[in-house]
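Descriptive structure summary
Read off the chains here:
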Amino acid sequence: MSVSIQEDLQQLAEILEAAKDAGAAYLKELPDRATTSHPGALNWPALPENGSGALNTLAQFKNLFYPYIVASSGPRYWGFVTGGGTPAAILGDWLTSVFDQNAQLSTGIGDASALLEIQTGKLLLDLFGLPENFMGSFVTGATMANFTGLAVARQWAGQQLGQDIARDGLRVSIPVYSAAPHSSSLKALAMLGMGSANIEIIPTLPDREAMDVQALLEKLPADPNQPFILIASGGTVNSVDFDDLAAIAQLKQTRNCWIHIDAAFGAFAALSEKHAHLLNGWKLADSITVDFHKWLNVPYDSAMIFTRKEHAVYQVQSFQNSAAPYLGNPWEQFSYLNYVPENSRRFRALPVWFSLMAYGKAGYRELVENCITLANEFGSRLLETDYFRLLAPVRLNTVCFQPDPQKTNGLTIPELLNELNRDGLVFMTPSVYKGESCIRAALVNYRTTAKDIDIALTAIVKAVEKISNLKKASPL
Ligand SMILES: Cc1ncc(COP(=O)(O)O)c(C=O)c1O
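These numbers come from a predicted model, not from an experiment.

What to know about the domain arrangement of the protein chain
Looking at the protein chain, the domain boundaries give domain 1 (99-347) and domain 2 (366-473). Residue-level contacts link 23 residues of domain 1 with 21 residues of domain 2. For the pair domain 1 and domain 2, the two sides together bury roughly 1,700 Å², of which 58% comes from carbon and sulfur. Viewed at the interface, domain 2 and domain 1 are joined by 1 salt bridge. Asp241 is paired through a salt bridge with Arg395; the nearest N and O atoms lie 3.6 Å apart. One can count 9 residue pairs in polar contact (both at pLDDT 80 or more) joining domain 1 with domain 2.

Pasting the structure below:
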């Protein structure tokens, strides 16, 4: 049966109803849905000459692919750093597709979506307790936020040396320092032509992922006027360690430096009275990365780069579209397309605005405190089993641990994760912390409860006992 776009338009209300039913059914069963799937070879249909319309395609999708969608937005998906979507965020996100705006504000008329983006940026500054001299721009994720912040930093450094890098290319070498940068910052340096290897890695403090600031001081250029970029961690991915941002910010008094903080999820420590001190000094940074598809619990893809307003000139120099007169003069009319990599931009502010307004500061404070409490509980209970050891203290929302080989018959991390992923009750990802293999459990989802900690713990103990007993029975 073939169905035309015009025919589908006639039954749009029915189609949206079907989307609502499919979405509601999925979200209802999400807590019980598996966190892994094993699709094997799928029998993909070829591109049809005549399409079957939206409703038939939905039915086809349900048969073919739906069973393999994993509960990555559910309460026990603790791999990577993976949030979910609050009800209000999903509402805003669905409407983002319905409204289909291109958030730019290039001409001051004909596009209001960027006004909501400006306002949402202000609400976020308020949420994090950051001053209004930062400007926020939505990008797709922390990787692009790091890219954007470092692009502006690069332009700033070039100008200090009398070079317009965005216009003339990279002809100077700019020192970049960091202690435990996220891989996405190295990727950003590669994309910026600065080179992912052209970063000086500063030693960390003993048993920490935080920068040894004294060691940094010893490495800095002899010439105090030499511009350099410092990539600071506002929460490392393995142990959620924070550089001493206050000590680093002090550098700005004596050195010519740009401080970029990757606070992709660590920024949310600002919402916890007990943990906000971890970010002391971050207000003095030049640019800050924060992800929203992590701990803010809005759907992919959503993050913000905060840049100091006084650096707008370097940001516009880096991202301007001055060769297109129809886009307006970047120096006269504000438009996001002169501030970030993309020209056309999804209305990303909408889900964030909906969720912030729906749950407020108190709702987000509670969400953050809940994840921190549960991560601590998971860490303590792993230790109580006697099968595990923690590689770092639980500083915020992430547990970094490994099986004790003495007590588990030499159980390896791949063996344990493979066994856990067979059942799909909880998902965690492997990593390497200071040269040692480990598992990370990062809790940022608003749905996670104490019951989920019980389920995960039972599953992990069962997996350990099953494999270590098997190994005992056949030691080879
Ligand atoms: C500290 C940090 N920075 C950057 C990223 C990259 O984020 P995204 O995948 O949203 O680009 C992550 C992802 O986990 C992260 O934890």
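With respect to the packing of aromatic side chains
All chains considered together, the criterion is met by 17 aromatic pairs. Note on Phe378 and Phe401: the rings are 6.0 Å apart at their centroids and 85° apart in plane angle, and the pair reads as edge-to-face. With Phe378 in helix H12 (residues 349-385) and Phe401 in strand S9 (residues 398-403), the pair connects residues that are 23 residues apart, well separated along the chain. Here Phe378 falls in the buried class, since its relative accessible area comes to 0%. Look at Phe388 and Phe401: their rings are 5.4 Å apart centre to centre, the planes differ by 85°, and that puts the pair in the edge-to-face class. With Phe388 in strand S8 (residues 388-390) and Phe401 in strand S9, the pair connects residues that are 13 residues apart, well separated along the chain. What makes Phe388 buried here is its relative accessible area of 5%. Here the aromatic cluster, defined as three or more aromatic residues joined through ring pairs, consists of Trp78, Phe378, Phe388 and Phe401. In this arrangement the basic side chain of Arg33 is found over the ring face of Tyr66, its NZ or CZ atom lying 4.7 Å from the centre. Over the face of the ring belonging to Phe134 we find Arg308, whose NZ or CZ atom lies 5.1 Å from the ring centre.

Analysis parameters
- Residues numbered from 1 in each chain as written.
- Predicted model: local features only at pLDDT ≥ 70, side-chain atom pairs only at ≥ 80, totals over all residues.
- Heavy atoms only, no water.
- Domains from an automatic or database assignment.
- Contact = heavy atoms within 4.5 Å.
- Buried area = accessible area lost by both parts, 1.4 Å probe.
- Salt bridge = Lys/Arg side-chain N within 4 Å of Asp/Glu carboxyl O.
- Polar contact = N/O pair within 3.5 Å; in protein donor to acceptor, adjacent residues only side chain to side chain.
- Phe/Tyr/Trp six-rings, centres within 6.5 Å; stacked < 30°, edge-to-face > 60°.
- Helix = DSSP H or I, 4+ residues; strand = E, 2+ residues; numbered from the N terminus.
- Buried < 20%, exposed > 50% of the residue type's maximum accessible area, 1.4 Å probe, protein only.
- Lys NZ or Arg CZ within 6 Å of the ring centre and 35° of its normal.

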